[in-house]
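Chain by chain, the residues:
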Amino acid sequence: MDAQKTTINAIRILSAEAIEKAKSGHPGLPMGAAPIGYTLFQHFLKFNPADLNWDNRDRFILSAGHGSMLNYTLFHLYGMGITMEDLQSFRQFGSKTPGHPEYGHTAGVETTTGPLGQGIANAVGMALAEAHLAAKYNKPGYKVVDHYTYAFCGDGCLEEGISYEACSFAGTHGLGKLILLYDDNEITIEGDTDVTFKENVGARFAAQNWQVLHVDLTTDPNDITELSRAIEQAKARTDKPSIIICHTNIGYGSPLQDTAKCHGAPLGAENLQKSKEALGWEYPPFECPEEVYAHCKIAAQAGANAEIQWKKMLVEYEATYPELAAEYKAVMAGEKPNFDDIEGLYNFAKPMATRQTSAQVLNKLAGKIPQLMGGSADLAPSNLSDMKNTDEITYGDFSANNFAGRNMHFGIREHAMAAIANGMQLHGGIQAYCATFFVFSDYCKPAMRLSALMNLPVTYIMTHDSIGVGEDGPTHQPVEQLIMLRSIPGMKVYRPADGKETAAAWVSALSGNQPTTLVLSRQNLPQYEGSGRSALKGGYILENCEGDPDVLLIATGSEVELCVKAKAVLAEQGVNARVVSMPCIEEFEKQTQAYKDNILPKKVKARVCVEAASPYSWYKYAGDYGEIIAMNSFGASAPAGKLFPHFGFTVENVVEKALKSIENAKAE
């Protein structure tokens with residue numbers, strides 16, 4: 001038996017059978033790319049099926065996530081926890097083999113993919129993390145961090161703009177241990193790629209400082225010799241990333257080969273049978289010869305042996321460099337300091353913009369969290385998102401000449417920035433953050449959604465949070481972005497009112513297992529005596545009144561100041577008002593009902609909610625008799641001092657709405 005050929009055909013047929021049984025899926029990719037997957041797993045990928053979370057494993061990312069059966073079949077054959085029953089449950093509720101790969105759901109899946117291009121950017125982040133950690137922790141004779149990142153993509157991934165952003169970044173930064181395997185089958189759902197995609201991909205990547213290699217599998221679809229030679233060349237060139245352009249036949253071996261009909265639909269029973277005949281596959285459905293498993297076990301055992309050797313080396317490393325080894329193990333475990341022990345974290349002496357208080361907090365945390373790493377999409381001077389060197393620590397800028405640097409320059413690439421940050425976080429050993437103007441969260445949103453879907457604690461610093469942006473006008477004044485991000489399940493959105501709330505937001509972001517967006521002001525805000533760690537609960541009483549309140553004034557960020565001043569005016573009129581600061585609705589909703597009822601008593605029907613953004617977050621809290629002061633239109637180009645009054649954000653308007661709400665409640 002030709003074990004190599006039979007294993008490749010096993011990948012093709014088992015994938016097609018699972019898709020046929022599910023009556024749903026994409027058989028074309030795994031059938032055409034089976035030799036690529038086989039060559040990588042059998043001869044190059046460093047992994048241990050018995051320890052899929054081994055720190056020093058190679059990472060494999062299937063960016064073309066619709067071809068998920070390639071992943072699952074490989075995982076099955078190489079003993080990575082996917083059974084034949086799992087293959088037969090493809091795309092079924094609760095199975096380990098969902099329609100697209102899901103991180104944290106299926107062991108061995110390094111990142112959730114499906115939205116095309118995201119996986120490429122995640123891979124860039126992982127390769128970046130490997131380079132950074134290697135620069136920090138490796139010593140002569142001790143390559144503690146030494147692995148490759150392989151990403152597999154298709155035509156669709158490279159048509160998406162994020163791929164250009166991410167690959168340009170990777171080439172600029174010389175991420176030489178990143179290898180992209182491009183399945184160039186020239187077919188998408190609508191047919192031949194000539195309709196939409198005729199560029200010279202090799203020239204594009206060469207221009208981005210990538211090594212470009214070609215393998216033609218259309219003449220000999222099982223030619224692993226040329227594939228192996230290309231991967232060896234890619235691994236040998238470590239001063240720049242490599243792309244291997246693999247010319248393949250989509251749906252190889254089936255009657256639908258080289259057509260769009262096999263891209264996103266099952267082959268059909270008759271075509272599946274003809275495919276088996278064409279490939280010489282004589283086994284019953286969902287059966288695979290033992291010789292294939294034995295062949296694949298050779299690679300699995302090699303990976304297990306590699307981990308054993310790495311662990312032996314790590315013991316010697318710990319003895320030789322005990323402090324460095326202890327830090328390495330701590331950052332890989334994601335250990336954090338006791339935030340209450342960090343001196344001055346909640347101390348702010350004067351009015352400051354929350355982007356400034358965030359910078360102060362970030363720089364206090366940076367010295368205590370060695371894995372904290374991030375930067376901005378070319379806006380660090382405005383976002384104030386860089387870590388400043390001190391007498392004790394030089395953070396440096398991450399670059400092709402300094403992989404040890406912790407400050408990132410992502411360039412004007414918001415979408416890729418967020419996805420790269422996801423990859424950094426996924427790799428381990430990095431606590432990732434990234435920054436831009438809040439209005440450009442629109443460009444980051446697909447990757448932010450995946451942060452939430454994967455429960456990745458990436459921190460997003462979003463400054464210039466409202467019409468307070470001023471003269472830049474409505475293109476740069478976020479209105480609908482708060483409700484957009486609040487609508488993402490698992491995303492925490494903090495809009496702090498002062499420095500202590502900003503510190504609490506950072507602590508919350510770095511303490512949990514979900515992404516957090518810090519929405520920060522451009523303009524100065526007061527520091528409140530009553531703010532502080534209570535902000536960790538999302539909402540709390542900032543200023544109370546004597547006795548029961550007649551009205552609740554609820555706000556976030558810069559609008560809290562309006563409510564505090566309105567409370568004083570109302571007091572002069574004999575009206576008891578309570579000011580509730582609500583920096584994070586998501587955290588507030590996690591609290592007990594008793595706590596929430598104490599902050600927002602149900603019997604107090606008169607309420608005013610104030611936020612310089614869309615009103616849609618606030619109907620729940622305003623109730624039937626409350627008033628909402630918010631943005632119901634885009635902003636305008638003018639100084640912030642002109643815009644806030646123009647759109648109703650004044651103390652007088654808060655007072656007026658409070659009195660109106662009280663009257664409405666009385667008329668109940």
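Residues numbered from 1 in each chain as written. Predicted model: local features only at pLDDT ≥ 70, side-chain atom pairs only at ≥ 80, totals over all residues. Heavy atoms only, no water.

Trainee: Any chance you could break down the packing of aromatic side chains for me, citing the residues and the numbers?
Mentor: Enumeration over the complete set of coordinates arrives at 23 aromatic pairs. With centroids separated by 6.2 Å and ring planes inclined at 65°, the aromatic side chains of Phe588 and Tyr621 adopt a geometry described as edge-to-face. With a gap of 33 residues between them, Phe588 in helix H20 (residues 585-590) and Tyr621 in helix H22 (residues 619-622) connect regions that are remote in the sequence. Owing to a relative accessible area of 1%, Phe588 belongs among the buried residues under this scheme. One aromatic cluster is present, built from ring pairs that chain together Phe41, Phe47, Phe60 and Tyr78. Here Lys177 stacks its cationic end above the ring of Tyr148, 5.2 Å away from the centre of that ring. In this arrangement the basic side chain of Arg533 is found over the ring face of Tyr346, its NZ or CZ atom lying 4.2 Å from the centre. (Phe/Tyr/Trp six-rings, centres within 6.5 Å; stacked < 30°, edge-to-face > 60°. Helix = DSSP H or I, 4+ residues; strand = E, 2+ residues; numbered from the N terminus. Buried < 20%, exposed > 50% of the residue type's maximum accessible area, 1.4 Å probe, protein only. Lys NZ or Arg CZ within 6 Å of the ring centre and 35° of its normal.)

Trainee: Any chance you could break down the sheet that holds strand E18 (residues 627-629) for me, citing the residues and the numbers?
Mentor: Strand pairing within a sheet occurs via backbone hydrogen bonds; the two strands may be parallel or antiparallel. Read across the open sheet, the 5 strands follow the order E14-E16-E15-E17-E18; overall the sheet is mixed. A strand with exactly one partner marks an edge of an open sheet, and here the two such strands are strand E14 (540-543) and E18. The mean angle between the axes of side-by-side strands here comes to 25°, regardless of whether they run parallel or antiparallel. As paired strands, strand E15 (residues 551-555) and strand E17 (residues 607-610) are joined by 4 bridges and run parallel to one another. Looking across to E17, one finds that Ala555 is bridged to Val610. (Pairing = 2+ DSSP bridges. Axes fitted to C-alpha atoms, helices over the stretch in contact; angles between N-to-C directions.)

Trainee: Please set out the nonpolar core residue by residue, giving values where relevant.
Mentor: If you look at the biggest cluster of nonpolar residues, it comprises 136 residues, and the most contacted ones within it are Phe41, Tyr78, Phe152 and Ile244. It is helix H5 (residues 118-137) that provides the largest number of residues to this core, a total of 12 residues. Not counting residues up to four positions away in its chain, the partners in contact with Tyr78 are Tyr38, Phe41, Gln42, Phe47, Pro49, Cys296, Ala299 and Ala300. Core analysis: the second largest hydrophobic core is formed by 78 residues, Cys584, Cys609, Ala638 and Ala658 among them. (Core = buried A, V, L, I, M, F, W, Y, C linked by side-chain atoms within 4.5 Å. Contact = heavy atoms within 4.5 Å.)

Trainee: Quick rundown of the sheet that holds strand E11 (residues 459-463)? Include the residues and the values.
Mentor: The parallel open sheet is built from 6 strands, whose spatial order is E9-E8-E10-E11-E13-E12. Edge positions in the sheet fall to strand E9 (407-409) and strand E12 (492-494), since each has one partner strand and no second. Ignoring which end each strand starts from, the neighbouring axes of this sheet average 20° apart. With 3 bridges joining them, E12 and strand E13 (residues 516-519) adopt parallel strand pairing. Its bridge partner lying in E13, Val493 is registered against Thr517.

Trainee: Hey, could you go over the state of the cysteines for me, with residue numbers and the actual values?
Mentor: One pass over the structure, following the stated rule, counts 0 disulfides. In this structure Cys288 is a free cysteine whose sulfur lies 7.5 Å from that of Cys296, the closest cysteine sulfur available. Cys288 sits in the buried class, given a relative accessible area of 12%. Summary of cysteine pairing: Cys563 is not part of a disulfide, and the nearest cysteine sulfur, belonging to Cys609, is at 8.7 Å. (Disulfide = S-S within 2.5 Å.)

Trainee: Describe in detail the pairing of strand E1 (residues 59-62), supporting the description with residues and values.
Mentor: Burial along E1 is two-sided: the residues Arg59 and Ile61 and Phe60 and Leu62 are all buried. Alignment of E1 against strand E2 (residues 149-154), held across 4 bridges, turns out to be parallel. Within E2, the residue paired with Leu62 across the bridge is Phe152.

Trainee: Outline helix H18 (residues 499-511), supporting the account with residue identities and numerical values.
Mentor: Every α-helix winds through 3.6 residues per turn, so residues three or four apart in the chain are directed the same way. Helix length check: H18, at 13 residues, gives a terminal C-alpha distance of 18 Å against a target of 18 Å (1.5 Å per residue), a fit within 8%. Extensive coverage of H18 is indicated by the burial of 12 of its 13 residues. One side-chain oxygen of the residue at the start of H18 lies 3.3 Å from the amide nitrogen of Lys500, identifying that residue as Asp498. (Expected span 1.5 Å × (residues − 1). Polar contact = N/O pair within 3.5 Å; in protein donor to acceptor, adjacent residues only side chain to side chain.)

The quantities given are spatial measurements derived from coordinates; they are silent on function.
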